[in-house]
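Geometric and topological summary
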Amino acid sequence: VVADLKCALGLCILCSRPAQHKLASRLCAGMTALQFLLLAQGASALHVLRLPTAHLRSAAAAMGEIHRVPAPAPVSDSASLAGDMTGVTYYEDKLCVEEEECELPEEGEFTVAILGDLHLDPRKMEDYETGRGHFLPIIEDAQRRGVATALVSLGDLGESKSVDPENTQELFAGTTACHELAAGYLSSFGCPYEVIGGNHDLEGIDEFSTDEANLEAFCRIHHKPTMQFCRQIADRTLLVGLGSTVFRTAKYTSHEVTVDDEQLAWFERLVSEHPSEEGWKVFVFTHAPPIGSGLRVLQENHVVNGCCWLNHSGGKNGDPRTTTKFIELVRRHRCIKAWFSGHFHLGQDYQDSITFPTIPREEGPYPNRGSCVFAQVGCMTARSTRDGKRHSRIVKGTKDGFEICTINHKKGGELRLDATVTYDDASHESIVMAHPHEDYDHDLWFQAYTPAQEDGCYISSPAGVLNADGTWDEKTVCWWHMSDGAVLGVHDGMIIEYDASTLAPLGMVVSKDELAGRKVAVIDAALNPPCDGAECDVPKEQALVLYDDGDEGVTVVQPNEDGSYWRKIVRNKMHRMREQRRVKAAAKWFKDKYGDDKDPEVLSSWGPYTSTVGQVYRKNDLALPAISTRALDSSIPK
């Protein structure tokens with residue numbers, strides 16, 4: 001009787017909308033007669049019932065009325081989240097009552113468009129307009145069917161050079177004009193957008209004197225209360241972004257993507273308050289990926305420059321614990337289901353442009369990636385891509401899982417399914433990857449080496465000469481542990497340091513030119529005292545040395561003061577740019593003074609200077625300095 005009453009009431013409600021008759025059977029499923037009776041009373045009943053999304057949407061559509069549902073409670077007590085859901089209803093834009101047959105979205109369905117590094121140039125907007133045209137049909141189709149939509153930009157919004165070189169040297173990236181152009185472009189996709197800062201987005205060094213002033217302009221123009229964001233896109237599903245807030249004050253390279261301590265604490269609190277056991281799913285967006293993600297990285301660029309990963313050199317305060325903090329949170333919080341990043345300007349055809357959870361967290365730290373799928377996002381324009389690929393991403397999700405897709409801008413916006421993730425339970429997923437496609441058939445260039453326990457390249461007891469049977473060249477691959485726990489290896493003719501926890505590359509220790517033709521040895525560091533019994537179990541201090549057979553010269557590869565070995569050789573971009581401008585000014589001054597036919601050799605002298613010597617002049621001898629301030633050529637060798 002109850003079932004008959006349910007269906008009868010459902011049909012009565014639906015009879016005023018002939019186009020919705022086919023929904024009667026869906027409304028009857030899983031609903032009580034009392035719920036239908038309450039529905040007949042109107043909006044107040046809708047508020048009281050708190051029906052499942054799909055049922056409430058169907059009922060509201062059937063009645064031909066739109067009812068606002070109060071916004072969900074804020075996902076955190078953080079002030080930066082206030083207002084994220086103000087005035088938002090899940091249902092109003094999901095009613096396709098104008099169509100003859102309404103294809104309702106699945107429960108919890110959403111579509112997110114993701115843009116990688118844009119590097120907008122107002123003189124060259126054709127690729128951007130074409131790329132937007134590839135997204136719009138997907139976004140509009142989702143909106144017609146009532147699917148929640150959003151756009152996320154991963155930062156690096158403007159061209160990192162002058163766009164008016166005839167009149168100014170000012171970089172376009174990071175300026176007010178850049179962010180206004182980006183805001184207009186991102187707003188033109190017809191759905192809400194979120195944006196986070198990359199390593200170029202605070203680069204307006206001529207317009208703004210501080211990072212704080214540049215950041216204020218960034219947030220104001222893009223209508224952001226803070227750099228980070230949190231948007232609820234579906235039931236218990238969050239889009240979360242973290243952005244770089246340091247440029248002028250970068251301790252080393254300004255190309256490091258630095259997430260400040262306040263954002264990191266906010267993120268840790270957010271994922272802690274939204275556990276997977278309660279059904280929460282978090283999709284994270286950052287400009288660079290975290291260390292341990294396993295994504296393809298460029299050794300010749302981002303590895304040697306020390307800017308691959310979030311907080312690569314330890315963030316604002318140089319604390320290496322902030323480098324690994326992100327992957328530690330991924331391992332600890334299974335609510336983090338996916339993490340999207342750009343930064344490398346690579347396409348999405350490589351096997352390691354998407355990486356997956358590998359082992360249960362209880363089985364150890366490596367290569368544990370929790371429940372998270374990491375995905376590289378490419379570039380839309382031909383001008384920005386490193387490998388000729390022009391790609392963006394689309395993510396389509398439901399309560400049961402999500403799909404990661406590629407939009408191929410070189411193929412007229414072709415949409416390709418790359419991976420399907422199905423939630424088995426709160427902490428486990430089933431994944432289908434690498435759907436066959438012609439674009440996957442290519443060589444594996446651009447790849448940096450990541451050591452693996454079973455790769456056959458491990459030197460288990462590094463002592464004495466490591467390459468006694470010959471010199472190492474660009475084809476040599478090997479790795480080993482130093483006694484202090486550091487992981488070093490040889491790849492592409494360089495000695496590279498790897499993170500001990502994830503075995504991800506950290507940076508260059510010895511360059512190709514320094515290593516070529518030389519022997520490498522790991523020796524006892526001479527200061528180790530004699531030991532007896534258990535004392536001998538304490539690891540001895542070791543030193544890495546380079547030498548030439550038959551030559552008396554020996555180089556000790558000294559670790560840094562923080563215990564790491566990789567060389568932080570790239571300096572803050574703002575200081576380097578100002579130095580380059582001074583060099584150009586000096587050359588111009590000399591030509592003005594002595595004639596345009598002159599070609600002056602302009603050198604620079606600068607500090608700080610590093611040496612094992614603790615004073616500028618030798619003790620008791622002030623005739624010659626121990627550390628010279630002699631000028632050096634700072635230009636790139638031709």
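These numbers come from a predicted model, not from an experiment.

To continue, consider the packing of aromatic side chains. Under the definition given, this model contains 15 aromatic pairs. Aromatic side chains phenylalanine 135 and phenylalanine 189 sit 5.8 Å apart centroid to centroid with 65° between the ring planes, which places their arrangement in the edge-to-face category. With phenylalanine 135 in helix H6 (residues 126-144) and phenylalanine 189 in the loop between helix H7 (176-187) and strand S3 (193-195), this pair connects stretches of sequence that are 54 residues apart. For the residue pair phenylalanine 135 and phenylalanine 189, the accessibility class agrees, reading buried in each case. Clustering of aromatic rings is evident, with ring pairs tying together Phe110, Phe283, Phe402 and Tyr423. One Lys or Arg, lysine 568, reaches over the ring of tyrosine 252 and ends 5.7 Å from the middle of that ring. Its end group placed over the ring of tryptophan 566, lysine 568 keeps NZ or CZ at 4.3 Å from the ring centre.

What follows is about the sheet that holds strand S19 (residues 505-510). The strands making up a sheet associate through backbone hydrogen bonding, with each pair oriented either parallel or antiparallel. What the 5 strands build is an open sheet, ordered S14-S16-S17-S18-S19; its pairing is mixed. This sheet does not close on itself; its edge strands, each paired only once, are strand S14 (458-459) and S19. Relative to strand S18 (residues 494-498), strand S17 (residues 487-491) is paired through 5 bridges, and the arrangement is antiparallel. Note on S18: the bridge partner recorded for glycine 489 is isoleucine 496.

This next bit is on the nonpolar core. Soluble globular proteins tend to bury their nonpolar side chains together. Membership of the largest hydrophobic core comes to 41 residues, with the highest contact counts inside it found for Trp480, Met482, Leu488, Ile495, Val509, Val520 and Leu544. Looking at this core, the elements that each hand over two or more residues are helix H10 (299-305), strand S16 (478-481), S17, S18, S19, strand S20 (519-524) and strand S21 (542-547). Beyond its immediate stretch of four places on either side in the chain, valine 520 contacts Gly464, Val465, Leu466, Asn467, Trp472, Ile495, Leu515, Leu544, Val545 and Leu546.

A few words now on the pattern of salt bridges. For the structure on display, the rule yields 24 salt bridges. With its nearest N and O atoms 3.4 Å apart, the salt bridge here joins lysine 512 to aspartate 492. Separated by 20 residues along the polypeptide, lysine 512 in helix H12 (residues 512-515) and aspartate 492 in the loop between S17 and S18 bring together distant segments of the chain. Here aspartate 548 and arginine 518 are joined by a salt bridge, their closest N and O atoms 3.5 Å apart. With aspartate 548 in the loop between S21 and strand S22 (554-557) and arginine 518 in the loop between H12 and S20, this pair connects stretches of sequence that are 30 residues apart.

The 6 strands are arranged S4-S5-S6-S7-S9-S8 in an open sheet whose pairing can be described as mixed. The open sheet has two free edges, formed respectively by strand S4 (229-234) and strand S8 (354-355), since each of these has just one partner strand. Where strand S7 (residues 336-341) and strand S9 (residues 373-376) come together, 4 bridges link them in parallel fashion. Across the sheet, the residue bridging to serine 341 is glutamine 376, located in S9. Together, S7 and S9 form the strand contacts of helix H11 (residues 321-332), whose direction differs from that of S7 by roughly 150°.

This brings us to the pairing of S7. Regular strands place side chains that alternate from one sheet face to the opposite one. With 6 of its 6 residues buried, S7 lies for the most part within the structure. In this structure, strand S6 (residues 281-285) lies alongside S7, joined through 4 bridges in parallel fashion. Of the residues in S7, the one forming a bridge with phenylalanine 283 is alanine 338.

Relative to the helices and strands, aspartate 484 is located in the loop between S16 and S17. Take aspartate 484: its relative accessible area is 47%, and that puts it in the partly exposed class. Apart from residues lying up to four places away in sequence, aspartate 484 is in contact with Gly563 and Tyr565. There is a polar contact of 3.1 Å between the side chain of aspartate 484 and the backbone nitrogen of alanine 486. Engagement of the side chain of aspartate 484 in a polar contact is seen with the side chain of tyrosine 565, the distance being 3.3 Å.

Now for unusual backbone geometry. A positive phi angle is found at histidine 345, which is not glycine, with a value near 60°. Locating histidine 345 in the fold gives a position in the loop between S7 and S8. For aspartate 492, which is not glycine, the phi torsion reads 55° and is therefore positive. Given a relative accessible area of 13%, aspartate 492 falls into the buried group.

Turning next to the confidence of the model for the chain. Overall, the prediction assigns the chain a mean pLDDT of 79, with 72% of residues at 70 or greater. In this model, residues 1-100 is a region of pLDDT below 50 whose contacts with residues beyond four sequence positions or in other chains number 139 contacts.

As a further point, take the side chain of glutamine 542. Assignment of secondary structure puts glutamine 542 in strand S21. Within the local environment of glutamine 542, its side chain forms a polar contact with the backbone nitrogen of serine 483, the two atoms lying 2.8 Å apart.

Calculation criteria
- Residues numbered from 1 in each chain as written.
- Predicted model: local features only at pLDDT ≥ 70, side-chain atom pairs only at ≥ 80, totals over all residues.
- Heavy atoms only, no water.
- Phe/Tyr/Trp six-rings, centres within 6.5 Å; stacked < 30°, edge-to-face > 60°.
- Helix = DSSP H or I, 4+ residues; strand = E, 2+ residues; numbered from the N terminus.
- Buried < 20%, exposed > 50% of the residue type's maximum accessible area, 1.4 Å probe, protein only.
- Lys NZ or Arg CZ within 6 Å of the ring centre and 35° of its normal.
- Pairing = 2+ DSSP bridges.
- Core = buried A, V, L, I, M, F, W, Y, C linked by side-chain atoms within 4.5 Å.
- Contact = heavy atoms within 4.5 Å.
- Salt bridge = Lys/Arg side-chain N within 4 Å of Asp/Glu carboxyl O.
- Axes fitted to C-alpha atoms, helices over the stretch in contact; angles between N-to-C directions.
- Polar contact = N/O pair within 3.5 Å; in protein donor to acceptor, adjacent residues only side chain to side chain.
- pLDDT = per-residue confidence, 0-100.

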